[in-house]
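Examining the three-dimensional arrangement
Residues per chain, in single letters:
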Amino acid sequence: MIGSALISGLGLGSMYGLLALGFYVTYAVSSTVNFAQGSSMMLGAVFAYTFGVRLGWPFPAAAAAALVLCALYGLLVELLAVRPFATRGSNAWLMATVALGIIADNTVLFTFGKEPRGFSLPWAMASTELLGLRVSALQLAIPTIGLALAALLHWFSRATRLGKAMLAVVQNAEAARLMGINVPAAIMAAYALSTVFAGAAGIMIAPLFNVYSDMGTVFGLKAFAVAILGGITSAWGVVLAGLIFGVVESSITAFLGSAYTQIVTFTLVIVALALRPHGLFGAAALKKV
Amino acid sequence: MKRLLLIAALTAALPALAQETIKIGLVTALSGQSARAGEALTRGLQVAIDELNAKGGVLNGRKFELVRRDDEATPAKGVIAARELYFKEKVAVLFGGLDSPVALAIVPIANENKMPFMDPWAAGTPITKNGAKDNYVFRVSAVDEIVDKAILQYAEKTYKAKNPGLILVNNPWGESNEKGLRAALAAKGVKPAGIEKFEQDDVDVVPQLSRLKAAGADCLFLVGNVGPSSTVVKSLDRMGWMPPIVSHWGPAGGRFTELAGPSAKNVHFVQTYSFFGPQSPVGQKVLKALMAKYSDIKGPGDVTPAVGVANAYDAMMMSAMAIQNAGSTEGRKVRDGYYKIDRYEGLIKTYVKPFTPENHDALSENDYVWAQFIDNRIVPVGMKH
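Overview of the structure. (Residues numbered from 1 in each chain as written. Chains lettered and ligands numbered in written order. Predicted model: local features only at pLDDT ≥ 70, side-chain atom pairs only at ≥ 80, totals over all residues. Heavy atoms only, no water.)

1. Here we look at the overall build of chain B
When helices and strands are counted, chain B shows 12 helices and 14 strands. For chain B, the C-alpha radius of gyration of 22 Å lies close to 21 Å, the compact-globule estimate for 385 residues. Out of the 385 residues in chain B, the part that is buried amounts to 57%. Relative to all contacts within chain B whose residues are 6 or more apart in sequence, the contacts with residues 24 or more apart total 68%. Within the structure as shown, chain B displays about 15500 Å² of accessible surface, and the carbon and sulfur contribution to it stands at 55%. Across chain B, the centroid of the 46 positively charged side chains sits 4 Å from that of the 40 negatively charged ones. (Helix = DSSP H or I, 4+ residues; strand = E, 2+ residues; numbered from the N terminus. Rg over C-alpha atoms; globule rule 2.2 N^0.38 Å. Buried < 20%, exposed > 50% of the residue type's maximum accessible area, 1.4 Å probe, protein only. Contact = heavy atoms within 4.5 Å. Areas by Shrake-Rupley, 256 points an atom, 1.4 Å probe, with all protein chains shown as cover. Lys, Arg positive; Asp, Glu negative; His and termini not counted. Charge placed at Lys NZ, Arg CZ, Asp CG, Glu CD.)

2. A few points about the packing of helix H2 (residues 35-54) of chain B against helix H11 (residues 306-326) of chain B
Residue and element names in this part refer to chain B. Closest axis-to-axis distance for the H2/H11 pair is 7 Å, and the angle between their directions is 40°. One element, H2, and the other, H11, form an angle in the oblique class. Here H2 and H11 pass one another in a crossing that is right-handed. Residues Ala40, Leu41, Gly44, Leu45, Val47, Ala48, Ile49, Glu51 and Leu52 of H2 form the contact with H11, whose own contacting residues are Gly308, Val309, Ala312, Tyr313, Met316, Met317 and Ala320. Considered class by class, the residues forming the contact of H2 with H11 number 13 nonpolar, 2 polar and 1 charged. (Axes fitted to C-alpha atoms, helices over the stretch in contact; angles between N-to-C directions. Parallel < 35°, antiparallel > 145°, perpendicular 65-115°, else oblique. Left-handed = near helix turned anticlockwise from the far one by under 90°. Nonpolar A, V, L, I, M, F, W, Y, C, P; charged D, E, K, R; others polar.)

3. Here's the deal with the interface of chain B and chain A
Contacts between chain B and chain A engage 30 residues on the former and 30 residues on the latter. In this assembly, chain B packs against chain A so that about 2500 Å² is buried in total across both faces, 52% of it on carbon and sulfur atoms. Between chain B and chain A we count 1 salt bridge in total. Connecting chain B to chain A are 13 residue pairs in polar contact (both at pLDDT 80 or more). Secondary-structure elements contributing two or more residues to the side of chain B that touches chain A are strand S7 (194-198), helix H7 (206-214), helix H8 (226-239) and helix H9 (256-260) of chain B. Ranked by the residues each element gives to the side of chain B that touches chain A, the list is headed by H8 of chain B, at 7 residues. Looking at side-chain class alone, the side of chain B that touches chain A contains 6 nonpolar, 10 polar and 14 charged residues. (Buried area = accessible area lost by both parts, 1.4 Å probe. Salt bridge = Lys/Arg side-chain N within 4 Å of Asp/Glu carboxyl O. Polar contact = N/O pair within 3.5 Å; in protein donor to acceptor, adjacent residues only side chain to side chain.)

4. What about H8 of chain B?
Residue and element names in this part refer to chain B. Its 14 residues place the ends of H8 20 Å apart at the C-alpha level, agreeing with the 20 Å of an ideal helix rising 1.5 Å per residue. Here H8 lies mainly inside the structure; 13 of its 14 residues are buried. Of the residues trailing H8, Gly240 is marked for its positive phi of about 70°. (Expected span 1.5 Å × (residues − 1).)

5. What about the sheet that holds strand S8 (residues 219-223) of chain B?
All names here are of chain B. In spatial order, the strands read S7-S6-S8-S9-S10-S13-S14; together these 7 strands make up an open sheet with mixed pairing. Strands at the two margins of the open sheet, each flanked by one partner only, are S7 and strand S14 (377-380). Across the sheet, the axes of successive neighbouring strands diverge by a mean angle of 30°, strand direction being ignored. Strands strand S6 (164-169), S7 and S8 of the sheet are contacted by helix H6 (residues 172-187), whose axis makes an angle of about 160° with S6. (Pairing = 2+ DSSP bridges.)

6. Quick word on the pairing of strand S3 (residues 133-136) of chain A
All names here are of chain A. Taken together, the 4 bridges between strand S2 (residues 127-130) and S3 define a ladder with antiparallel strand orientation. Along S3, the bridge assignment pairs Leu130 with Leu133. Linkage of S2 to S3, two consecutive antiparallel strands, is achieved through a turn of 2 residues, within which Leu131 is found at a positive phi near 50°.

7. Re the packing of aromatic side chains
The tally for this structure, following the rule as stated, stands at 24 aromatic pairs over all chains. With a centroid separation of 6.2 Å and an interplanar angle of 85°, the aromatic rings of Tyr154 of chain B and Tyr159 of chain B are classed as edge-to-face. Residue classification places Tyr154 of chain B among the buried positions, given a relative accessible area of 12%. These aromatic residues form a ring-pair network of at least three members: Tyr16, Phe209, Tyr212, Phe219, Phe245 and Phe266 of chain A. A cation over an aromatic ring shows up here: Arg43 of chain B above the ring of Tyr294 of chain B, its NZ or CZ 4.1 Å from the ring centre. (Phe/Tyr/Trp six-rings, centres within 6.5 Å; stacked < 30°, edge-to-face > 60°. Lys NZ or Arg CZ within 6 Å of the ring centre and 35° of its normal.)

8. Describing the pattern of salt bridges
Residue and element names in this part refer to chain B. Overall, the coordinates contain 30 salt bridges over all chains when judged by the stated rule. Of the charged contacts, one joins Glu89 and Lys23 as a salt bridge, the two residues approaching to 2.8 Å between their closest N and O atoms. You can see Glu89 sitting in the loop between helix H3 (75-88) and strand S3 (93-96) and its partner Lys23 sitting in strand S1 (residues 22-28), a full 66 residues away along the chain. Of the charged contacts in the structure, one is a salt bridge between Glu156 and Lys188, with a shortest N-O distance of 3.0 Å. Of this pair, Glu156 sits in helix H5 (residues 144-159) while Lys188 sits in the loop between H6 and S7, and the two are 32 residues apart along the sequence. For Lys188, a relative accessible area of 45% puts it in the partly exposed group. One connected set of salt bridges, linked through shared partners, spans Lys23, Arg69, Glu84, Lys88 and Glu89.

9. Digging into the environment of Cys219 of chain B
Residue and element names in this part refer to chain B. Relative to the elements of secondary structure, Cys219 occurs in strand S8. In sequence terms Cys219 and Gly165 are 54 residues apart; their C-alpha atoms lie 6.2 Å from each other. Ignoring anything within four residues of it in the chain, the contact list for Cys219 reads Ala155, Tyr159, Ala161, Asn163, Pro164, Gly165, Pro244 and Val246.

10. Description of the sheet that holds strand S5 (residues 137-139) of chain B
All names here are of chain B. Spatially, the 5 strands line up as an open sheet ordered S2-S1-S3-S4-S5, and their pairing is parallel. Single-partner strands in this sheet number two, and they are strand S2 (64-70) and S5. Ignoring which end each strand starts from, the neighbouring axes of this sheet average 25° apart. Sheet analysis places strand S4 (residues 117-119) next to S5, joined by 3 bridges and oriented parallel. Within S5, the residue paired with Phe117 across the bridge is Val137. Docked against the sheet, H2 engages S1, S2 and S3, running at close to 170° with respect to S2. Contacts between helix H4 (residues 100-113) and the sheet are confined to S1, S3, S4 and S5, with S4 contributing the most and set at about 155° to the helix.

This is the structure in structure tokens:
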């Protein structure tokens, strides 16, 4: 039972981690987040389903096209729901991103339909025996891809020009602007990246799950808890927190029973944050006035 | 003078009244996830109404007319639609409430205003057993607490199940069935291996199922709509565990095979009717009428979900009998008209005294059929195709 709880937990945990990574990138650059990350995740799955199943494209092409559209959606989120408010010092982006997510969910409801659809990928679902446990290829791929994306993000921010520029924006937006760094562009890139992470999570979860308009809602919520738990200022922190959250969640279900899952998991989140207010892996931020 | 005018107006209206159609209301989900089921109810009602009207209607030639409203599966919209149909459209009988919460919200309106409400789908036990002293709510459909007994009976008979594990969706419907299943198990002195809940949006139910497996479950009792039910089947697939699964009718509500994959056929679920196999004369007649009226129906496999069509058809026929018995469309008289139905050779069965003041449910556990998905069709278990 430990083994199967671990596998379930790591799979779900990497999903939370990927969504939370999306919260991290935008927060790091602009101190804002897209609260409707769940909708971005849903869009990834819906686009991939549309290209892959309805239009019959091969999976890699469908996934790539879906991610490109997700990136565009991320730009839209920044342009419509964040920038107009953040540039004027208002916190209304909180509400605006939620609203845009609801609009996205409902647009999908009308165009895609309310009936859940199955996105079957036989090669991804083929299961093998591993150390006495049955694991599907996808269940191995999800944490691998999740961690790889986190590593890629790490490399990108340390080794590329745009990444360094983005980090500069984090440290001091005003100074970065004076140094000739295009701050709005860096923020837009962060939003595009953020929805791409969520979209990737959506595409990977689709074969395990069903595709429908509000499939991302609960994920988005848990991912935000994960982002805060991890300390939203650390990329590795949020990914690790995601994995921990996933494993704790499925272990509680496996050992105490499903009646306790939500109660115990979220109690633990509160306790953890009470003990470490800046998250498990976050550093206390200094706010200079 | 005023009184004279009134009398004149009334007498002028009388002949018109005699010809007036009798409106039958339907409040159901016509859009969204359950739209298919709402359409099935519509078709069952419409075929029955066409048949009744062709025979000259009831009450000396009054014909029936169907008025539909979409409740979008939400109680608030259902209540608004029910009020509109009762008070503005003045329907003689209101059909509807595909979802139990919607039906439960309409029940008090029907009872307070003494207007008949016929439930051809929602299975929530308290819809008909609503505690009202003067009950106007009838049902021709499955009832949760009876389905729960039938699930246990079927599992014991078919699979010799001794240690069933319960896997239930965590919502009011799952809760209602948990109560029913616990009662059914207790009545037979069976101890369940475990009772596990899962969320509507859960992706992975492996932890819950692992618990049931570890507790030695030899059969699973499943309650959940089509999406959640498919999650359970996919999780079982990943575990490589395939116990017999006996289910409420959730899987029938959508593309179960597409969602759950090839193992979908392992789930045996309850239905009230199937158009497959040898049909009674009524069954042949209804299928023929459906094929003539709806171009997308080419055979029994296209009548989906069959329970919606069958329940609505029988419920409409018996409602017409109730109105005929009442001699009017007045609510109280129609209600009592249902009690006066002695015998009706229907689609699902031959009903004998289907309704009494104590019993407002026309179907019992003996009327259920067990079905499974073979590809995209719901067919009775064990039928060769």
